[in-house]
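Inside the fold
Given next are the chains, with one letter for each unit.
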Amino acid sequence: MRHWTIPRQLWQQSLEEVGAFGREGREGICLWLARQDSGSNLAFVRSAVLRGPLIRRGPLSIQIDSMLIDRFTDVVDREGLLLAGQIHGHPERFTDLSDVDRAMGFRVPKFLSVVAPYYGTHANTAFRDCGFHEFVAGSDYRRLPEHELALRVTLSETPVAAPLSV
Amino acid sequence: MTESHSPPHHPRSIDVRVKYVAGKPFHDPDAPRSQTLQALKVRVLTHFHLEEMSTPEFQKTYHLHDHKGRIENLAQTLGDYAGRDDKIELKLVEQITQGLEGPAPCADAVILEEHYAEVAASDEAHRWKLERPDWLEVWAGMSPRSAPGEVFQVRLLWARYPAEAPSLKFRDSAGRLDNPRAWPVLPGFRPGSLDACVNYCAEGFGLHPEWRTDPRFRWDPRGNSLLRVLTLLQVELDEHYQGRFGG
């Protein structure tokens, strides 16, 4: 069973990124990176933000073009990192994954997909305010119940660099 | 001494590395040259525990890319693809969509999305509380200059953007559109009928069909229509506001 560690600074960077688009009434997304040599317990070490016309953010949808994923793959690989999680915003208090999130997001085992309420615009949003979902191999995303969230996701004080911008 | 010409020698195998953004790279230093790219893709998907999916609603597919982009011909063998090279490096790539809805349903929504972003970044926007709850719908909280404490939330809903004028209503604090008290008293605005007789909303053109063809009044779809409607409404509020409708 995987355990995730999220640095406080990375969490704040993520809310800033998601909330910036949320304040425009659009869904924002921030990607979370870990080292390629991570073991089963995984610490996120860097966030990444996507820019340019190959990502489209709407009020109820984010589309990332495959050519941007292509470019992002090279950048992440060069850094010896891999994408292991993401956070995106939903309007109001809806923090479950939608059908679109489940079907058209990253569907790799143990991937962590987090949904922030109010489009991530509340700076003091805590883990428990969000929906944490793990992709289960051969199955689908599963939301972590509250007691499991407390056991498997930890906030750390480890400093992180500024977000990678691609 | 005679010089002999022998055909170029290719080893029977090839060193293949495939990167995927959410996994440790796939690496086979000894992949058969006779293997097709399609067969390689199947192995790579297995390596990353990925499955392609096709349902009536969703299609999840992965593509092999090289430095030029997507590789279309997966029937070719690794040997044919590599030519004289003894190693190849590829990427496994996907399109990502996240959110409560799928892609924008129409081009109109995409144009409004761009115009909304322009408005949100404009100097004028600091006076408005903007929200976009749906693809062709915008809410804006606005106040008259003379009564900054009074907030009116206008709801603009387009059937076609920017080709037609939007429906213009005001929302009350509960989100209802049928409350006349949510309306300001302005020239041409009829809170009792929940409509406005102005040439920048659909209700106005419904009341005055002749405006549609009159060059003085017809709807102009050029430029940022969202910004134009909000600006016209703000000018009305600043210059002609007579209070909140009291019923």
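Right above here is the structure, for reference.
These lines cover the structure that appears in this document, whether it is placed above or below. (Residues numbered from 1 in each chain as written. Chains lettered and ligands numbered in written order. Predicted model: local features only at pLDDT ≥ 70, side-chain atom pairs only at ≥ 80, totals over all residues. Heavy atoms only, no water.)

1. Overview of the overall build of chain B
The number of helices and strands found in chain B is 5 helices and 14 strands. Sorting the 247 residues of chain B into buried and exposed places 45% on the buried side. (Helix = DSSP H or I, 4+ residues; strand = E, 2+ residues; numbered from the N terminus. Buried < 20%, exposed > 50% of the residue type's maximum accessible area, 1.4 Å probe, protein only.)

2. Focus on helix α3 (residues 107-121) of chain B
The first and last C-alpha atoms of α3 of chain B sit 22 Å apart over 15 residues, in line with the 21 Å expected at 1.5 Å per residue. Considered for burial, the residues of α3 of chain B that qualify are Ala109, Leu112, Glu113, His115, Tyr116 and Val119 of chain B. (Expected span 1.5 Å × (residues − 1).)

3. Some details on the nonpolar core
With 50 residues, the main nonpolar core has Phe72 and Phe106 of chain A together with Leu92 of chain B as its most contacted residues. Looking at this core, the element that brings in the most residues is helix α2 (residues 66-78) of chain A, giving 5 residues. For Phe106 of chain A, the residues in contact, after removing those within four places along its chain, are Leu31, Ile69, Leu83, Phe111 and Tyr141 of chain A together with Tyr20, Val21, Glu94 and Ile96 of chain B. Listed in part, the 39 residues of the second largest apolar core include Leu136, Ala196, Trp219 and Val229 of chain B. (Core = buried A, V, L, I, M, F, W, Y, C linked by side-chain atoms within 4.5 Å. Contact = heavy atoms within 4.5 Å.)

4. Description of the sheet that holds strand β8 (residues 96-98) of chain B
With antiparallel pairing, the 3 strands of this open sheet are ordered in space as β4(A)-β5(A)-β8(B). The open sheet has two free edges, formed respectively by β4 (55-57) of chain A together with β8 of chain B, since each of these has just one partner strand. Ignoring strand direction, the axes of neighbouring strands in this sheet form an average angle of 5°. Of the strand pairs in this sheet, strand β5 (residues 62-64) of chain A and β8 of chain B are connected by 3 bridges, and their pairing is antiparallel. Counterpart to Ile64 of chain A in the pairing with β8 of chain B is Ile96 of chain B. (Pairing = 2+ DSSP bridges. Axes fitted to C-alpha atoms, helices over the stretch in contact; angles between N-to-C directions.)

5. What to know about the interface of chain B and chain A
Each partner contributes to the interface: chain B provides 44 residues, whereas chain A provides 49 residues. Both sides of the chain B and chain A interface together cover about 3,900 Å² of buried area, and 59% of this is carbon and sulfur. Considering only the surface of chain B that becomes buried against chain A, Val21, Gln98 and Leu100 of chain B emerge as the three largest contributors, covering 21% of it. Taken together, chain B and chain A are joined by 14 residue pairs in polar contact (both at pLDDT 80 or more). For the side of chain B that touches chain A, the secondary-structure elements that each account for two or more residues are β1 (13-20), β2 (23-32), β4 (59-60), β5 (62-66), β7 (87-94), β8, α3 and β9 (129-134) of chain B. With 6 residues, α3 of chain B is the single largest residue contributor to the side of chain B that touches chain A. (Buried area = accessible area lost by both parts, 1.4 Å probe. Polar contact = N/O pair within 3.5 Å; in protein donor to acceptor, adjacent residues only side chain to side chain.)

6. Here we look at helix α1 (residues 8-22) of chain A
An ideal rise of 1.5 Å per residue puts 21 Å on 15 residues; α1 of chain A measures up with 20 Å between its terminal C-alpha atoms. Of all the residues in α1 of chain A, the buried ones are Leu10, Trp11, Gln13, Ser14, Leu15, Glu17, Val18, Gly19, Phe21 and Gly22 of chain A.

7. A few points about the packing of α3 of chain B against helix α5 (residues 225-240) of chain B
Residues and elements named next belong to chain B. Across the interface, α3 lies against α5 with an axial gap of 8 Å and an inter-helix angle of 50°. Classified by the angle their axes make, α3 and α5 are oblique. In contact with Leu112, His115, Tyr116 and Val119 of α3, α5 contributes Ser225, Leu226, Leu227 and Leu230. Per-class residue counts for the contact of α3 with α5 are 6 nonpolar, 2 polar and no charged. (Parallel < 35°, antiparallel > 145°, perpendicular 65-115°, else oblique. Nonpolar A, V, L, I, M, F, W, Y, C, P; charged D, E, K, R; others polar.)

8. Some thoughts on the packing of aromatic side chains
All names here are of chain B. The final tally for this structure, using the stated rule, is 17 aromatic pairs over all chains. Where Phe205 meets Trp211, the ring centres are 6.1 Å apart and the plane angle is 90°; that geometry is what we call edge-to-face. Trp211 shares its class with Phe205; the two are buried. Over the ring of Trp139 we find Arg171; its NZ or CZ atom is 3.4 Å from the centre of that ring. (Phe/Tyr/Trp six-rings, centres within 6.5 Å; stacked < 30°, edge-to-face > 60°. Lys NZ or Arg CZ within 6 Å of the ring centre and 35° of its normal.)

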